[in-house]
Number of protein chains: 2
Amino acid sequence: MSDATSTTPTTSAPLYITMHPHDNVGIVANQGGLRAGAVFASGLMLKETVPQGHKVALVDLPAGSAVRRYNVTIGRALKDIAAGSWVHERLLEMPDARGLDNLPISTAKREPLPPLAGYTFEGYRNADGSVGTRNILAITQTVQCVAGVTDFAVQRIKAELLPKYPHVDDLVALEHGYGCGVAIDAPDAIVPIRTLRNISLNPNFGGEVMVVSLGCEKLQPERLLPPGSFSIVDARSDAALDVVCLQDDAHVGFMAMVESIMRQAEQHLQRLNARRRETVPASELVVGVQCGGSDAFSGVTANPAVGFCTDLLVRAGASVMFSETTEVRDAIDQLTSRASTPELAEAMIHEMAWYDAYLKRGGADRSANTTPGNKKGGLSNIVEKAMGSIVKSGTAPISGVLSPGEKLKTKGLTFAATPASDFICGTLQLAAGMNLHVFTTGRGTPYGLAQVPVIKVATRTELATRWHDLMDLNAGTIADGTASIEDVGWQLFKLMLDVASGRQQTWAEKWKLHNSLVLFNPAPVT
Amino acid sequence: MSDATSTTPTTSAPLYITMHPHDNVGIVANQGGLRAGAVFASGLMLKETVPQGHKVALVDLPAGSAVRRYNVTIGRALKDIAAGSWVHERLLEMPDARGLDNLPISTAKREPLPPLAGYTFEGYRNADGSVGTRNILAITQTVQCVAGVTDFAVQRIKAELLPKYPHVDDLVALEHGYGCGVAIDAPDAIVPIRTLRNISLNPNFGGEVMVVSLGCEKLQPERLLPPGSFSIVDARSDAALDVVCLQDDAHVGFMAMVESIMRQAEQHLQRLNARRRETVPASELVVGVQCGGSDAFSGVTANPAVGFCTDLLVRAGASVMFSETTEVRDAIDQLTSRASTPELAEAMIHEMAWYDAYLKRGGADRSANTTPGNKKGGLSNIVEKAMGSIVKSGTAPISGVLSPGEKLKTKGLTFAATPASDFICGTLQLAAGMNLHVFTTGRGTPYGLAQVPVIKVATRTELATRWHDLMDLNAGTIADGTASIEDVGWQLFKLMLDVASGRQQTWAEKWKLHNSLVLFNPAPVT
Ligand SMILES: [Ca+2]
Ligand SMILES: [Ca+2]
Ligand SMILES: [Ca+2]
Ligand SMILES: [Ca+2]
Ligand SMILES: [Ca+2]
């Protein structure tokens, strides 16, 4: 397990952080900020006092020149700004929030990233070619009605059966509030339905789909998992979906239901228990990245390190998803320009337009995502703020776009459109097929999922130290000046291979910290 | 515990059931229906074969005359219908679905129901005057982020602390998916926020409010439970809300968080443990009624028996809520006419209009609630169907109306507007202050809540027999001809007093079958 306490802040020497060699501003890293006269290692001297997390001009910025951070123009200087000055929002011409018209489409043609060969992990190869990082039996539920009975059965299975199958890591009931009492034919009902379907097919569940159904629910098993939605791997069975229906006449009394679930579960446990890890290329990783409980350092330390690691993963041929529509919305032009085809750019615009309309329908707009204190934290405008989230996506071309709840089909970097809500985003990334989750946090959240390992990256050493047994990696070393963004990116990459291989457990796994699945249901309930 | 198996079907003599003395149609109760020539106890002979659950004319119905069921006109005869004929939908002029204009307002002036004195139960009297039927420590959560840590603490409290406090029935974490990543300032966000607030104040939790918060969530503890929203009962404290904030600097390491929660919980457990049941009048019951997994007999046996019991409760001065907006929508005129004041009728119209607009916004309409097979089951039209749900409300004037998530302030019969979804309805009735829940089911559902006892009433003896250890009361005896609606209504009333007193556990309590809270959030997520 990563010991986040091993690195403590060792430097109070003046330090700024840049995101990219082309940036002409840096971020003051030092706790409490820096006073005028402070001299950086580069020789640059501060002309005025700059608070922590705020920007300092690295070169003279003539009036009208582009101010660059994340290799992106975040504004233009309103007057001459001398090197060493505080670049606060009053000195910047603020770009307007971008509408969805006249966006740059696939303009950022870059050299492909150089391949990164030779990295592997130990995973569970599935019949459909996907690879699991854990070997878990999931019990799909069609409807909340069955949750109590299923939970009762799960407790008994964990106590009585699971110890007999030591190669199975865990048993997880896929509980949710959907399935009945919902407008199941409303246009947007497709989102929660395909989310549930695709979560059942997550690579960590080994293709062993079993369903507990009530019987009279609107979301019938055949609607949730229609024939052809997955291959039945059970040669013994009649190739039908394995469904325990509580209302079956055969269930006389509660225990008959429990025993049906246990009996069916044991068949799947037997097959899962026969599986072994094998060496697979790093390209089999399907990583979902997101952030939550962000602070002024999220976009300075942890997210840039994740971005560097995202590039490593893409170079290794893996799949990486970034998400959080409301957070990236205001820098949509950065995404459309990076789309590898015009069709993908249009798909992203479609997702943003859909979300704009969804928010408007509910009397909200994209300001619903902003937090008080953004400017206090040094973010001059919404584009700079959005870039702090987008930076997790690294620099690769965006070669895939998913609508909420869809299953990932392509390798490389994908924008998986989801709300920013940590649990809804995580649930939708699970549906997309994520087998490893990376989560950055500055304020700290004890996030964990039962379905995939969640690697939590702290933005600050203080948090990593205080939450020494919850944070898996400390990106605060970047602000401390003891590690570079590249260093932490590589640390994360290697930690991912260890965690994916089961050589290392995340803290959330060790403590069994499991947040709920939270479905995105944009359709009405009834 | 009620043994639902003790009554088995004993009669196959022809039997019809009426809902009200003024009804001129009866419902054929016999399994498989009845053939032409069958003679009922009244002497009425069937002129033609009538399927089970369908209507038979009890008297000659001349063309144009009103066909009455539930003491309500469900249509007019299209031609002369002789006594003993099958009254199917092709013989009825269908009333149009009611719009929300020109409704009868408080027209059904009735004699007040005669008071019913002398019934009591043993309950926990709270400082605010309300009465609990159970003595439970609830841990309020501001946000899903804290769910994993809270669950870890709850397991330890149950193992290490709860056994020391034998007068405390249980410990319940109020887990939910709300609190952050939501459009918290959208107009409809008031619904989930007040729902969570008011659930914390449910009478079964004894006023011992404790909160686990993350720290950076949008739904801050002070927003969830602002000063004045409840009285602090803890004389030792500084009268502040009892909040464990996980991001507090004092929490160094995961176990510090867990121990904070345990330490605070123990203070509340100590006070709860000092409480004892006392004899209180039946008027302290706050009963939420709903149905789910309905069948053709829901509106024939279980719901009418619940309606009779509702009248008993109202006569005893208790509070009863009925709900399920989408199910009662099409008989809105029955509700507005029963409103005790025009203001209450307008409030119900407002709730219906709000829900119509909510469904429309999401591309659905009220047909989203209908099920295939309604006509096959004998329901001629949507008014008749809605009456099968409304009949749970008995005959008393409607003297209160609640919007979703509001707290009940009045005794008597209240329409608490909620979706029909079993879990959302139950969650909102919990917020309203329900201390006892009654749930009727025909197809069968193993519904249960951790927060209040749920009495489940089966519509058919076959279900009650098959699910002998899940159903608490069998209303199928009405269809069997071995009990009347009044008989079962009285059985339910007495069972409620026993369950409320803790003399009897419901089956869901015995098995600890707990469904999740499911919040109604009509506002967007972000
Ligand atoms: Ca985020
Ligand atoms: Ca997030
Ligand atoms: Ca119902
Ligand atoms: Ca219901
Ligand atoms: Ca749960």
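Given the structure is predicted, the values throughout are model-derived calculations rather than measurements. (Residues numbered from 1 in each chain as written. Chains lettered and ligands numbered in written order. Predicted model: local features only at pLDDT ≥ 70, side-chain atom pairs only at ≥ 80, totals over all residues. Heavy atoms only, no water.)

### Examining the relation of the copies chain A and chain B
Consideration 1: Overlaying chain A with chain B gives an RMSD of 0.1 Å, the required rotation being 180 degrees about an axis along which the chain moves by 0.0 Å. Both copies are brought into coincidence by an operation consistent with a two-fold rotation axis. Nearest to the rotation axis, the C-alpha of R361(A) is located 3.5 Å from it, this being the minimum over chain A.
Consideration 2: The share of interface residues of chain A whose copies in chain B are also at the interface is 98%, consistent with both copies meeting through the same surface. (Least-squares fit on C-alpha atoms with pLDDT ≥ 70 in both. Contact = heavy atoms within 4.5 Å.)

### Comments concerning a negative patch on the surface
Consideration 1: Together, D151(A), E175(A), D151(B) and E175(B) give the surface a local cluster of negative charge.
Consideration 2: By the element assignment, D151(B) lies in helix α1 (residues 147-161). (Patch = residues over 30% accessible without salt bridge, like charges linked within 9 Å, V, L, I, M, F, W, Y side chains within 5 Å. Areas by Shrake-Rupley, 256 points an atom, 1.4 Å probe, with all protein chains shown as cover. Salt bridge = Lys/Arg side-chain N within 4 Å of Asp/Glu carboxyl O. Lys, Arg positive; Asp, Glu negative; His and termini not counted. Charge placed at Lys NZ, Arg CZ, Asp CG, Glu CD. Helix = DSSP H or I, 4+ residues; strand = E, 2+ residues; numbered from the N terminus.)

### Concerning the pattern of salt bridges
Residue and element names in this part refer to chain B.
Consideration 1: Applying the stated rule across the entire model yields 39 salt bridges over all chains.
Consideration 2: Taking the shortest distance from any N to any O, the salt bridge between E384 and R69 comes out at 2.6 Å. Taken together, the residues E384 in helix α9 (residues 382-390) and R69 in strand β4 (residues 66-69) connect sequence positions 315 residues apart. Each of the two residues, E384 as well as R69, counts as buried. (Buried < 20%, exposed > 50% of the residue type's maximum accessible area, 1.4 Å probe, protein only.)

### Looking at empty space enclosed by the protein
Residue and element names in this part refer to chain A.
Consideration 1: For the structure on display, the rule yields two cavities of 30 Å³ or more.
Consideration 2: Estimates place the volume of the largest cavity at around 40 Å³.
Consideration 3: Taken together, L402, S403, P404, G405, E406, A416, A417, T418, L428, Q429 and A432 form the lining of the largest cavity.
Consideration 4: Of the residues forming the lining of the largest cavity, the biggest block, three residues, is contributed by helix α10 (residues 422-432).
Consideration 5: Taken together, the residues of the lining of the largest cavity sort by class into six nonpolar, four polar and one charged.
Consideration 6: Taken as a whole, the second largest cavity spans an internal volume of roughly 40 Å³.
Consideration 7: Every residue lining the second largest cavity is listed: T325, T326, R329, M352, Y355, D356, L359 and R366. (1 Å grid on protein atoms, 1.4 Å probe; cavity = no way out; pocket = protein on both sides within 12 Å on 5 of 7 lines; lining within 4 Å. Points joined across faces, edges and corners; volume = space filled by probe spheres on them. Nonpolar A, V, L, I, M, F, W, Y, C, P; charged D, E, K, R; others polar.)

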